[in-house]
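So the chains spell out like this:
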Amino acid sequence: MNNSLTAYMTRALKALSAASVLLGVMATCAAAGKAGTTAANFLKIPVGPRQVGMGDQGVALPDDAFSVNYNPAGIALLNQQEVAFMHNQWVEGINQQYVGYANPKSGIGAIAGSINLLRVEPFDGFDANGARASKVDAQDLLLTGSYATRIWQQSLVQEGPALFAGGSVKYLQERLETNSASTYALDTGLLYRFSINNVSMKAGLAAKNIGPGVKYYEQESKLPATYALGVSAATRYLWGNPMVVSMEARKAVDSDLAISLGGEYSMSSLVAFRIGYLTNEDLGPGIRAGMGFKMKRFQFDYGFSIMGDFGLTHRAGLTMRFGRQINRALEFDKDTIEVRKATSKAKKLISQKRYPMALLEVNRALEINARDVEALRLLDEIQRILENIESGGKP
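Within each chain, residues carry numbers counting from 1 in the order of the written sequence. Confidence filtering applies because this is a predicted model: local features only for residues at pLDDT of at least 70, side-chain atom pairs given and counted only at 80 or more, and all residues used for totals across whole chains, interfaces and linings. Values shown for side chains rest on all heavy atoms present in the structure; no hydrogens or waters enter the calculation.

1. Thoughts on the overall build of the protein chain
Turning to step 1, where the next piece is worked out: Helix numbers and strand numbers start at the N terminus; a helix is a DSSP run of H or I with at least 4 residues, a strand a run of E with at least 2. Helix and strand counts for the protein chain stand at six helices and 16 strands.
Turning to step 2, where the next piece is worked out: Sorting the 395 residues of the protein chain into buried and exposed places 46% on the buried side.
Turning to step 3, where the next piece is worked out: For the protein chain, the share of sequence-separated contacts (at least 6 apart) that also reach a separation of at least 24 residues comes to 52%.
Turning to step 4, where the next piece is worked out: Here the accessible surface of atoms and residues is derived via Shrake-Rupley with a 1.4 Å probe, and residues count as covered only by protein chains that are part of the display. Surface exposure of the protein chain reaches about 19700 Å², of which carbon and sulfur atoms provide 58%. Categorising residues by exposure relies on relative accessible area from a 1.4 Å probe, with only protein chains included: less than 20% of the type maximum marks a residue as buried, more than 50% marks it as exposed, and the intermediate range marks it as partly exposed. It only takes one pair of heavy atoms within 4.5 Å for two residues to be counted as in contact.

So, in structure tokens, the structure goes:
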């Protein structure tokens with residue numbers, strides 16, 4: 001075999017190896033003696049420059065339209081419509097285009113949709129005898145529709161403790177030259193918002209890519225089902241500027257447990273610097289970084305990954321926010337608002353030791369909703385205080 005043909009084959013095999021990892025081309029992998037355990041592995045490629053810059057994580061970072069790819073519950077926390085675009089210049093001539101839309105509709109929850117397209121630049125193909133054949137190209141297409149809503153909230157305070165749930169339906173189509181395959185998958189997630197000592201916290205749980213396998217080249221393989229658990233904390237301790245730290249544990253059915261650590265530091269809410277680290281990374285040392293710029297309704301984000309011998313990968317994204325902002329406190333029905341007003345007034349009266357008046361407010365709340373947890377708790381508290389006073393003790 002001459003040097004020219006050897007060079008062509010080396011380049012083709014290298015490109016095909018990268019494509020097989022990303023696109024789940026199981027037959028090609030098997031021919032190389034490296035059969036994978038799942039198909040459609042491009043579903044593992046992280047979406048969103050901000051999430052990538054913080055260590056390829058987002059299950060507890062629900063701050064933009066990209067977050068739906070990590071935890072569909074996250075879009076329920078948005079307060080304005082968003083359109084997001086991303087270009088990912090990946091390895092070996094592989095590039096990814098993404099466009100997403102999220103609409104946190106008041107009163108009925110949030111909806112979102114996205115188109116995710118991954119393409120491989122055509123590369124030289126060879127027949128069984130090693131002779132150069134026609135160019136080979138491949139692409140993956142993912143269409144996603146999502147819905148999320150708040151299922152519980154403690155008070156009318158917009159940033160108060162609350163629990164959100166969401167789900168996504170995904171249609172996937174893979175194509176390698178003239179061969180194609182398609183399937184569907186489901187994502188589901190929960191997100192809990194709370195605070196500890198004035199530190200805003202979020203904890204998320206998500207299950208992704210749950211569905212039937214895909215049959216490609218007469219071989220059927222499972223999808224890369226992935227389970228993730230994460231937590232994030234937002235503070236202003238560092239020179240008074242916003243700072244977010246986050247951690248996520250992620251386990252795919254065909255890989256070991258991976259831990260992501262990330263941080264984001266914002267200056268005057270205009271410029272943000274990000275850094276992240278991912279354990280058990282197959283390509284490279286797991287180092288991530290990026291930055292973002294925010295100007296009124298527009299936000300530009302950039303994130304890069306160090307991918308070992310493949311070099312750097314670059315993601316650039318643009319998010320545009322538009323439409324009226326939603327006041328989440330106004331989403332409660334009239335009865336719920338009246339109950340919250342009564343229990344809030346009762347708490348204030350208890351702090352003033354005006355227990356009979358507090359009891360009247362609690363009874364008013366229970367007349368509207370006899371099962372309200374907060375009102376029942378306050379009723380029990382007041383009764384214990386009054387009983388203690390009657391027995392000669394302190395309130």
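Next comes the rest of the account.
2. Some details on the environment of Tyr70
Turning to step 1, where the next piece is worked out: Mapped onto the elements, Tyr70 comes out in the loop between helix H3 (49-53) and strand E1 (81-89).
Turning to step 2, where the next piece is worked out: Expressed as a C-alpha distance, the spacing of Tyr70 and Gln57, which sit 13 residues apart in the sequence, is 7.2 Å.
Turning to step 3, where the next piece is worked out: Dropping the residues within four chain positions of it, Tyr70 is found in contact with Pro46, Val47, Gly48, Gln51, Asp56, Gln57, Gly58, Val59, Ala206 and Lys208.

3. Quick look at the confidence of the model for the protein chain
When pLDDT is low, close inspection of the predicted coordinates is not appropriate.
Turning to step 1, where the next piece is worked out: Residue-level confidence of the predictor is summarised by pLDDT, bounded by 0 at the bottom and 100 at the top. Confidence along the protein chain averages 82 in pLDDT terms, with 83% of residues attaining 70 or more.
Turning to step 2, where the next piece is worked out: Scored below 50 in pLDDT, residues 1-36 shows 63 contacts in the model against residues more than four places distant or in partner chains.

4. Quick look at the side chain of Thr343
Turning to step 1, where the next piece is worked out: Examined against the element boundaries, Thr343 turns out to sit in helix H4 (residues 334-351).
Turning to step 2, where the next piece is worked out: Residue contacts for Thr343: discarding those within four places in its chain leaves Ala365, Asp372, Glu374, Ala375 and Leu378.

5. Digging into the pattern of salt bridges
Turning to step 1, where the next piece is worked out: Any Lys or Arg side-chain nitrogen located within 4 Å of an Asp or Glu carboxyl oxygen qualifies as a salt bridge. Tallied over the full model, the rule gives 17 salt bridges.
Turning to step 2, where the next piece is worked out: Notably, a salt bridge pairs Arg377 with Glu381, separated by 3.4 Å at the nearest N-O pair. Here Arg377 pairs with Glu381, and both are found in helix H6 (residues 373-390), just four residues apart, close to one helical turn.
Turning to step 3, where the next piece is worked out: Judged by its relative accessible area of 42%, Arg377 is partly exposed.
Turning to step 4, where the next piece is worked out: For Asp380, the salt bridge is made with Arg384, and the minimal N-O distance between the two is 3.3 Å. Of this pair, Asp380 and Arg384 both sit in helix H6, four residues apart, roughly one helical turn.

6. Structural notes on the packing of aromatic side chains
Turning to step 1, where the next piece is worked out: Any pair of Phe, Tyr and Trp rings, taking the six-membered ring for Trp, is counted once the centres come within 6.5 Å. Such a pair is stacked with planes under 30 degrees apart, edge-to-face with planes over 60 apart, and tilted for the rest. What the rule picks out here adds up to five aromatic pairs.
Turning to step 2, where the next piece is worked out: Judged by centre distance (5.5 Å) and plane angle (40 degrees), the rings of Phe66 and Tyr98 are tilted. Linking Phe66 in the loop between H3 and E1 with Tyr98 in strand E2 (residues 94-105), this pair joins segments that are 32 residues apart in sequence.
Turning to step 3, where the next piece is worked out: Relative to Phe194, the ring of Tyr192 has its centre 5.1 Å away and its plane inclined at 15 degrees; by these criteria the two rings are stacked.
Turning to step 4, where the next piece is worked out: According to the relative accessible area criterion, Tyr192 is partly exposed, its value standing at 32%.
Turning to step 5, where the next piece is worked out: On the accessibility criterion, Phe194 (18% relative accessible area) is buried.

7. Quick notes on the pairing of strand E14 (residues 287-295)
The two faces of the sheet receive side chains in turn, since in a regular strand these alternate between them.
Turning to step 1, where the next piece is worked out: A pair of strands is considered paired only if DSSP assigns at least 2 bridges between the two. The sheet contact formed by strand E13 (residues 271-278) and E14 spans seven bridges and is antiparallel. Considered in E14, the bridge of Phe273 is made with Met291.

8. Notes on the nonpolar core
Turning to step 1, where the next piece is worked out: Here, the term nonpolar core denotes a set of buried Ala, Val, Leu, Ile, Met, Phe, Trp, Tyr and Cys residues that are joined through side-chain atoms within 4.5 Å. Phe66, Ile75, Tyr98, Ala102 and Phe164 are the most contacted members of the largest nonpolar core, which totals 19 residues.
Turning to step 2, where the next piece is worked out: Among all residues touching Ala102, those that are not within four sequence positions of it are Ala65, Ile75, Leu78, Gln80, Gln81, Glu82, Ile111 and Ala112.

9. Some thoughts on the pairing of E1
Turning to step 1, where the next piece is worked out: In this structure, E1 lies alongside strand E16 (residues 312-322), joined through nine bridges in antiparallel fashion. Paired with Phe85 across the strands is Leu318, a residue of E16.
Turning to step 2, where the next piece is worked out: As paired elements, E1 and E2 share eight bridges and run antiparallel to each other. Bridging from a neighbouring strand, Gln89 pairs with Asn95 of E2.
Turning to step 3, where the next piece is worked out: The loop that links E1 with its antiparallel partner E2 comprises four residues; one of these, Glu92, has a positive phi angle of about 50 degrees.

10. Focus on the packing of helix H5 (residues 355-368) against H6
Turning to step 1, where the next piece is worked out: Between H5 and H6, the shortest axis-to-axis distance is 10 Å and the interhelical angle comes to 150 degrees. As far as their axial angle goes, H6 and H5 are roughly antiparallel. In this structure, the crossing between H5 and H6 has a hand that is left-handed. Every residue of H6 that contacts H5 at Tyr355, Ala358, Leu359, Val362, Asn363, Ala365 and Leu366 is listed here: Ala375, Leu376, Leu378, Leu379, Ile382, Ile385, Leu386 and Ile389.
Turning to step 2, where the next piece is worked out: In this count, Pro and Cys sit with the nonpolar residues alongside Ala, Val, Leu, Ile, Met, Phe, Trp and Tyr, while Asp, Glu, Lys and Arg are called charged and the others, Gly among them, polar. Taken together, the residues that form the contact of H5 with H6 break down as 14 nonpolar, one polar and no charged. Where helices are involved, their axes are fitted lines through C-alpha atoms of the stretch in contact, as for all axes, and angles between N-to-C directions lie from 0 to 180°. For classification purposes, angles smaller than 35 degrees are called roughly parallel, those larger than 145 roughly antiparallel, those between 65 and 115 roughly perpendicular, and all remaining angles oblique. What makes a crossing left-handed is the near helix being turned counterclockwise from the far one by less than a right angle; a clockwise turn instead makes it right-handed.

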